[in-house]
Amino acid sequence: MDLTAIKDDDMRRCVEFHGHICPGLTIGYRAAKYAIKLLDLNFSEDEDVVCVTENDACGVDAIQVLLGCSAGKGNLLFHMRGKQAFSFYNRTSGKSVRLVLKAGNDGKERDEWQQALMEMPDEDIFEVKEVTFKLPEKAKIFVSYPCEKCGEMTAESFIRLEDGKKLCPDCYEEYSRFS
Ligand SMILES: [Zn+2]
Ligand SMILES: [Zn+2]
């Protein structure tokens, strides 16, 4: 697709990363932009933004690009609820907000819906709510143990106990399935 046709620089970066333009990506773009406004985010080096997303759809890519949230850094968390809802936290200021999509496409064609999502005022797209999750601690380093069946090192928080043996989730499931 012709990226130069996209006038908005931030949107262009999102499309570049995501691979295509779509209504879902636009929802994430608008959520990230709204969060920047509501939480006074300004992206200093140590700005600590955390996003808890309730879906793993296209929009999450825009949030990664615009807010620097990523699974690897531990500031992008998935709390899968099948909802177009995103909570944002600014660790520096302690401010937080949960944005829940309220705009509906009302039978609009894909392109028309995409365009509408770009133009609608923030408050028509999202309901602004209080966050419902406590912000998790900064990414912890977990102790690992070797699984007593397959021998693979497994983080403490994933170890299951079966008859006093430490098992990884794969071996534990195998065990409980056939017993
Ligand atoms: Zn998409
Ligand atoms: Zn194992």
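If you're wondering where the values come from, they're calculated on a predicted model, not measured in any experiment. Residue positions are given per chain, counting from 1 as you read along its sequence in written order. Labels are handed out in written order, letters beginning with A for the chains and numbers beginning with 1 for the ligands. Restriction of local features to residues with pLDDT of at least 70 applies here, the model being predicted, together with a cutoff of 80 or more for giving and counting side-chain atom pairs; totals for whole chains, interfaces and linings are based on all residues.

### A word on the packing of helix α2 (residues 23-38) against helix α4 (residues 110-119)
Phase 1 of the analysis: Axes here refer to lines fitted to C-alpha atoms; in helices the fit is confined to the stretch in contact. Angles between the N-to-C directions go from 0 to 180 degrees. In this text, helices come from DSSP runs of H or I with a minimum length of four residues, and strands from runs of E with a minimum of two, each type numbered from the N-terminal end. Here α2 crosses α4 at 5°, and the two axes come no closer than 9 Å. In this view, α2 runs roughly parallel relative to α4, as classed from their interaxial angle. Residues Pro 23, Thr 26, Ile 27 and Arg 30 of α2 form the contact with α4, whose own contacting residues are Arg 110, Trp 113, Gln 114, Leu 117 and Met 118.
Phase 2 of the analysis: For this classification, the nonpolar set comprises Ala, Val, Leu, Ile, Met, Phe, Trp, Tyr, Cys and Pro, the charged set comprises Asp, Glu, Lys and Arg, and every other residue, Gly included, is treated as polar. For the contact of α2 with α4, the class distribution of residues is five nonpolar, two polar and two charged. Note that the term roughly parallel is reserved for angles under 35 degrees, roughly antiparallel for angles over 145, roughly perpendicular for angles of 65 to 115, and oblique for everything else. Two residues qualify as being in contact provided that their C-beta atoms, derived from the backbone, are within 7 Å of each other.

### Describing the confidence of the model for the chain
Phase 1 of the analysis: Residue-level confidence of the predictor, termed pLDDT, takes values from 0 up to 100. Taken residue by residue, the chain gives an average pLDDT of 90. The fraction at 70 or more is 91%.
Phase 2 of the analysis: Within the chain, helix α6 (residues 169-178) has the poorest average pLDDT of any element, 78, and strand β5 (residues 126-129) the best, 98.

### Things to note about the environment of Asn 55
Phase 1 of the analysis: With respect to the secondary-structure elements, Asn 55 resides in the loop between β1 (49-53) and α3 (59-67).
Phase 2 of the analysis: Each C-alpha atom, one on Asn 55 and one on Arg 30, is 15 Å from the other, the two residues being 25 residues apart in sequence.
Phase 3 of the analysis: Leaving out residues up to four positions away in the same chain, Asn 55 has contacts with Met 80, Gly 82, Lys 83 and Gln 84.

### With respect to the pairing of strand β4 (residues 96-101)
Phase 1 of the analysis: In this description, strands pair whenever DSSP reports at least two bridges between them. As paired elements, strand β3 (residues 85-90) and β4 share five bridges and run antiparallel to each other. Residue pairing across strands places Ala 85 opposite Val 100, the latter belonging to β4.
Phase 2 of the analysis: The antiparallel pairing of β3 with β4 creates a hairpin that spans five residues between the two strands, and Gly 94 there sits at a positive phi of about 80°.
Phase 3 of the analysis: Of the strand pairs in this sheet, β4 and β5 are connected by four bridges, and their pairing is antiparallel. Bridging across to β5, Leu 99 finds its partner in Val 128.

### Quick notes on the sheet that holds β3
Phase 1 of the analysis: If you walk across this open sheet you meet the five strands as β2-β1-β3-β4-β5, and the pairing is mixed. Each end of this open sheet is capped by a strand with a single partner; those strands are β2 (76-78) and β5. Strand-to-strand twist across the sheet, computed as the mean angle between neighbouring axes with direction ignored, equals 20°.
Phase 2 of the analysis: Each of β3, β4 and β5 touches α2; the most contacted strand, β4, lies at about 150° to it.
Phase 3 of the analysis: Together, β1, β2 and β3 form the strand contacts of α3, whose direction differs from that of β1 by roughly 180°.

### Observations concerning unusual backbone geometry
Phase 1 of the analysis: The phi dihedral of Asp 40 is positive, around 50°, even though this residue is not glycine.
Phase 2 of the analysis: Looking at where Asp 40 falls in the secondary structure, it is placed in the loop between α2 and β1.
Phase 3 of the analysis: Backbone geometry at Asp 106 places phi at a positive 45°, although glycine is not the residue there.
Phase 4 of the analysis: On the secondary structure map, Asp 106 appears in the loop between β4 and α4.
Phase 5 of the analysis: Classification of Asp 106 by C-beta neighbours within 10 Å gives exposed; the count is 8. Here a residue counts as buried when 20 or more other C-beta atoms sit within 10 Å of its C-beta, as exposed when there are 12 or fewer, and as partly exposed otherwise, the C-beta atoms being derived from the backbone.

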